[in-house]
Amino acid sequence: EVQLVESGGGLVQPGGSLRLSCAASGFTFSDHYMDWVRQAPGKGLEWVGRTRSKAKRYTTEYAASVKGRFIISRDDSKNSLYLQMNSLKTEDTAVYYCATSDGSFLDYWGQGTLVTVSS
Amino acid sequence: QSVLTQPPSASGTPGQRVTISCSGSSSNIKRNTVNWYQQLPGTAPKLLIYSNDQRPSGVPDRLSGSKSGTSASLAISGLQSEDEADYYCAAWDDRLNGWVFGGGTKLTVL
């Protein structure tokens, strides 16, 4: 059974940093692209970014809204995905989901972790 | 403002058929396949339809997807109370180099 468990969310002040983690199990993590998607309170889904698999040289893509502030990384030896969030803004407040991807769709999603950026 | 356009709401009575539309452009829906997600209140999104019209195992065949040009649609027939949820369309956008989503459609079963 595929499981994705996010952690690391919490309250942070504007300008601060936070690192989210996503622990994966039940599938061959190293073969899959991994994406982060967020959802602000009461709003729709917004893609944050992705890291491709080793076969695609772990290349990354980011949404314009987070490019230069967020960094996605992965550790295939630990079946883990990370999202380093720097220079956080109040508009980054959201539930952050990690999701697996074969490249053409996001198939499994974690339960999400809430990040609140507020003073 | 979402890149893909969906109606904010839809409704139907039990047993009815409802359709949710999703409009995009040449850089996303026209060039790439469309996926649909269902989000029940307080839960994570769940893949409902992938590659325009394919259902993952466990998704009932009363749900179907289609795509034509720069638009796509999700149809739910034999509407049930448990279908009450938010529905999102998504496609890869070659110009933005990322996933784009519709704003979501809240389906109410009357």
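To keep things clear, this report deals only with the structure shown in the data block. (Residues numbered from 1 in each chain as written. Chains lettered and ligands numbered in written order. Predicted model: local features only at pLDDT ≥ 70, side-chain atom pairs only at ≥ 80, totals over all residues. Heavy atoms only, no water.)

### Considering the pattern of salt bridges
Residue and element names in this part refer to chain A. The full count for this structure, using the stated rule, is eight salt bridges over all chains. A salt bridge links Asp35 to Arg50; the shortest N-O distance between them is 3.3 Å. Separated by 15 residues along the polypeptide, Asp35 in strand 4 (residues 33-39) and Arg50 in strand 5 (residues 45-51) bring together distant segments of the chain. Judged on exposure class, the residue Asp35 and its partner Arg50 are both buried. (Salt bridge = Lys/Arg side-chain N within 4 Å of Asp/Glu carboxyl O. Helix = DSSP H or I, 4+ residues; strand = E, 2+ residues; numbered from the N terminus. Buried < 20%, exposed > 50% of the residue type's maximum accessible area, 1.4 Å probe, protein only.)

### Considering the packing of aromatic side chains
Tallied over the full model, the rule gives seven aromatic pairs over all chains. Aromatic pair A:Trp47 and B:Trp92: ring centres 5.8 Å apart, planes at 70°, arrangement edge-to-face. A residue pair is termed interchain when its members come from two chains, as with A:Trp47 in strand 5 and B:Trp92 in strand 7 (residues 85-93). On the basis of relative accessible area, A:Trp47 is assigned to the buried category, the value being 5%. A residue is classified by how much of its surface remains accessible, and B:Trp92, at 11% relative accessible area, is buried. One residue, A:Arg19, lies across the ring of A:Tyr82, its end atom 4.0 Å from the ring centre. For the cation-ring pair, A:Arg74 lies above A:Phe29, with the distance from its terminal atom to the ring centre recorded as 4.6 Å. (Phe/Tyr/Trp six-rings, centres within 6.5 Å; stacked < 30°, edge-to-face > 60°. Lys NZ or Arg CZ within 6 Å of the ring centre and 35° of its normal.)

### Examining the interface of chain B and chain A
By a widespread convention, an interface's size corresponds to the accessible area lost as its parts come together. With 16 residues of chain B at the interface, the matching set in chain A holds 21 residues. Joining chain B to chain A, the criterion identifies zero salt bridges. Counting every contact that joins chain B to chain A gives seven residue pairs in polar contact (both at pLDDT 80 or more). Only strand 3 (34-39), strand 7 and strand 8 (98-101) of chain B provide two or more residues apiece to the side of chain B that touches chain A. (Contact = heavy atoms within 4.5 Å. Polar contact = N/O pair within 3.5 Å; in protein donor to acceptor, adjacent residues only side chain to side chain.)

### Some words on the state of the cysteines
Residue and element names in this part refer to chain B. As enumerated under the stated definition, the model contains two disulfides over all chains in all. Across a sulfur-sulfur distance of 2.0 Å, Cys22 and Cys89 are joined as a disulfide pair. Judged by the torsion about the S-S bond (75°), the Cys22/Cys89 disulfide is right-handed. Note that Cys22 is positioned in strand 2 (residues 18-23) and Cys89 in strand 7, a separation of 67 residues in sequence. (Disulfide = S-S within 2.5 Å.)

### Let's talk about the sheet that holds strand 3 (residues 18-25) of chain A
All names here are of chain A. Overall, antiparallel pairing links the four strands, which are arranged 1-3-8-7 in an open sheet. The outermost strands of the open sheet, each flanked by one partner alone, are strand 1 (3-7) and strand 7 (70-75). Averaged over all pairs of adjacent strands, the angle between their axes in this sheet comes to 15°, without regard to strand direction. The sheet contact formed by strand 1 and strand 3 spans five bridges and is antiparallel. Bridge pairing in strand 3 places Gln3 opposite Ser25. (Pairing = 2+ DSSP bridges. Axes fitted to C-alpha atoms, helices over the stretch in contact; angles between N-to-C directions.)

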